[in-house]
Amino acid sequence: MDARFYTFVGGETGLWQVEEVRSVRGDGLQTPRCLDLQNTHLATLPADAVWALRGAASHQRYTTRAEQTALAAVQAPLGRVESVCAALIPIRKNAAWWLLTQDERRAIFEERSSHTTIGLRYLPTIARKLYHSRDLGEPFDFLTWFEFAPEHRAAFDDLLGALRASEEWNYVEREVDVRLVQKEIMEPA
Ligand code: HEM
């Protein structure tokens, strides 16, 4: 299977311990004990898992060259040792959004909602990755993933407040906020 495919499994195993699962809009998700990220498209729910969400790493849709350059200059990689906090935020946009054309969506996303401009202020504090799910027939269109150090929890909430107050979020019909902390890594004796 193609390396672009990923599955987030909510269940009994995984690097991440679930702190809270909160429905922001629409139906929520059950609260599992742990979250596991697998770099494969899992067709069936593993034993002991309560849900599995699948997505693919994909190309950029809206980013301009200038924005890409600005992002590349400051963005941080996933997996930093100090980033022991994470958030998985699955999002589905409504039919009205998907009826828009590419230029109309870009205008709402950036010219009117400043998504990238706002987000850039939080780099490199927050590391991020976007997975696309819509064309896989999944319940969400996007799986958004963020990692940060514990002292940056408030900054992350601040970022969410700014994005959720934007015009783009008028088109969000389902959003679940899954907060996670990394399980303690056992040091060899
Ligand atoms: C950490 C700072 C952030 C930055 C720098 C950032 C930047 C971006 C960029 C550049 C894109 C466009 C990718 C493309 O060209 O296709 C994007 C898409 C997206 N971001 Fe963010 N973002 C940030 C935070 C967030 C947060 C906190 C959320 C969720 C609560 C979020 C949700 C999304 C979604 C759902 C998309 C896909 C939108 C669509 O294609 O309709 N982002 N982000």
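Everything below is about the structure shown above.
Residues numbered from 1 in each chain as written. Predicted model: local features only at pLDDT ≥ 70, side-chain atom pairs only at ≥ 80, totals over all residues. Heavy atoms only, no water.

Our next topic: the overall build of the protein. Helix and strand counts for the protein come out as five helices and eight strands. Secondary structure elements of the protein occur, N-terminal to C-terminal, as β-β-β-β-α-β-α-α-α-β-β-α-β. Over its C-alpha trace the protein gives a radius of gyration of 17 Å, about what one expects of a compact globule, namely 16 Å for 189 residues. Counting only C-alpha atoms and orienting by the principal axes, one finds that the protein spans roughly 55 × 35 × 30 Å. Residue pairs in contact within the protein that sit at least 24 positions apart in sequence constitute 77% of those at least 6 positions apart. Side chains of the protein carry 22 positive and 27 negative charges; the gap between the two charge centres is 3 Å. (Helix = DSSP H or I, 4+ residues; strand = E, 2+ residues; numbered from the N terminus. Rg over C-alpha atoms; globule rule 2.2 N^0.38 Å. Contact = heavy atoms within 4.5 Å. Lys, Arg positive; Asp, Glu negative; His and termini not counted. Charge placed at Lys NZ, Arg CZ, Asp CG, Glu CD.)

Moving on, we come to the packing of aromatic side chains. A ring pair, where both rings are aromatic, is described by two values, the distance of the centres and the angle of the planes. Scanning all chains against the criterion turns up nine aromatic pairs. Each ring, one from Phe8 and one from Trp145, has its centre 5.4 Å from the other, and the planes form 35°; the classification is tilted. One end of the pair, Phe8, is in strand 1 (residues 5–11); the other, Trp145, is in strand 7 (residues 142–148), and 137 residues separate them in sequence. When sorted by exposure, Phe8 lands in the same class as Trp145, which is buried. Measuring from centroid to centroid gives 6.1 Å for Trp98 and Phe142, while their planes differ by 25°, and the two rings are stacked. Here Phe142 lies in strand 7 and Trp98 lies in helix 2 (residues 95–99), a separation of 44 residues in the sequence. Take Phe142: its relative accessible area is 12%, and that puts it in the buried class. One aromatic cluster is present, formed by Tyr6, Phe8, Trp16, Tyr131 and Trp145 through successive ring pairs. (Phe/Tyr/Trp six-rings, centres within 6.5 Å; stacked < 30°, edge-to-face > 60°. Buried < 20%, exposed > 50% of the residue type's maximum accessible area, 1.4 Å probe, protein only.)

To continue, consider the side chain of Thr116. By secondary structure assignment, the location of Thr116 is in helix 4 (residues 115–120). Excluding its chain neighbours within four sequence positions, the residues that come into contact with Thr116 are Glu67, Leu71, Phe109 and Glu110.

Take the coordination of the iron atom of the ligand next. Counting protein donors around the iron atom of the ligand gives one, His115 (NE2), at 2.1 Å. Looking at the secondary structure, you find His115 in helix 4. (Donors = N, O, S within 2.8 Å, 3.2 Å for Na, K, Ca; no water.)

Along the polypeptide, Ala70 turns up in helix 1 (residues 65–74). In this structure the C-alpha to C-alpha distance between Ala70 and Glu167, which are 97 residues apart in sequence, comes to 23 Å.

Because an α-helix completes one turn every 3.6 residues, residues spaced three or four positions apart along the sequence face the same direction. For helix 5 (residues 153–164), built from 12 residues, the straight-helix expectation of 16 Å at 1.5 Å per residue is met to within 8% by its first-to-last C-alpha distance of 16 Å. Residues of helix 5 that are buried include every one of Phe156, Leu159, Leu160 and Leu163, and no others. Angular distribution of buried residues about the axis of helix 5 spans 100°; they occupy a single face of the element. In this fold, the buried residues of helix 5 make contact with strand 5 (85–93), helix 4, strand 7 and strand 8 (172–182). (Expected span 1.5 Å × (residues − 1). Arc of directions from axis to C-beta.)

Among the 26 residues in the neighbourhood of the ligand, the closest are listed as Arg61, Tyr62, Thr63, Lys93 and His115. Note that an oxygen atom of the ligand is positioned 2.6 Å from one of the backbone N or O atoms of Arg61. Thr63 places a polar side-chain atom, nitrogen or oxygen, 2.6 Å from an oxygen atom of the ligand. Judged by its atoms lying within 2 Å of the grid points, the ligand is housed in the largest pocket. Contributions of two or more residues to the shell around the ligand are made by strand 5, helix 4, strand 6 (127–132), strand 7 and helix 5. (Near = heavy atom within 4 Å. Polar contact = N/O pair within 3.5 Å; in protein donor to acceptor, adjacent residues only side chain to side chain. 1 Å grid on protein atoms, 1.4 Å probe; cavity = no way out; pocket = protein on both sides within 12 Å on 5 of 7 lines; lining within 4 Å. Sits in = over half its atoms within 2 Å of the grid points.)

A word on the pattern of salt bridges. Pairing is possible between side chains that carry opposite charge, provided their charged atoms lie close to one another. Taken as a whole, this structure holds 14 salt bridges when the rule is applied. The partner of Glu138 in a salt bridge is Arg54, and the shortest N-O contact between them spans 3.1 Å. Here the residue Glu138 occupies a position in the loop between strand 6 and strand 7, and Arg54 occupies one in strand 4 (residues 51–56), the gap between them amounting to 84 residues. You can call Arg54 buried: its relative accessible area is 12%. The salt bridge partner of Glu168 is Lys93, with a shortest N-O separation of 2.7 Å. Residue Glu168 is located in the loop between helix 5 and strand 8, and its partner Lys93 is located in strand 5; the two are separated by 75 residues in the primary sequence. Taken individually, Glu168 and Lys93 each receive the classification buried, so the pair is uniform in this respect. (Salt bridge = Lys/Arg side-chain N within 4 Å of Asp/Glu carboxyl O.)

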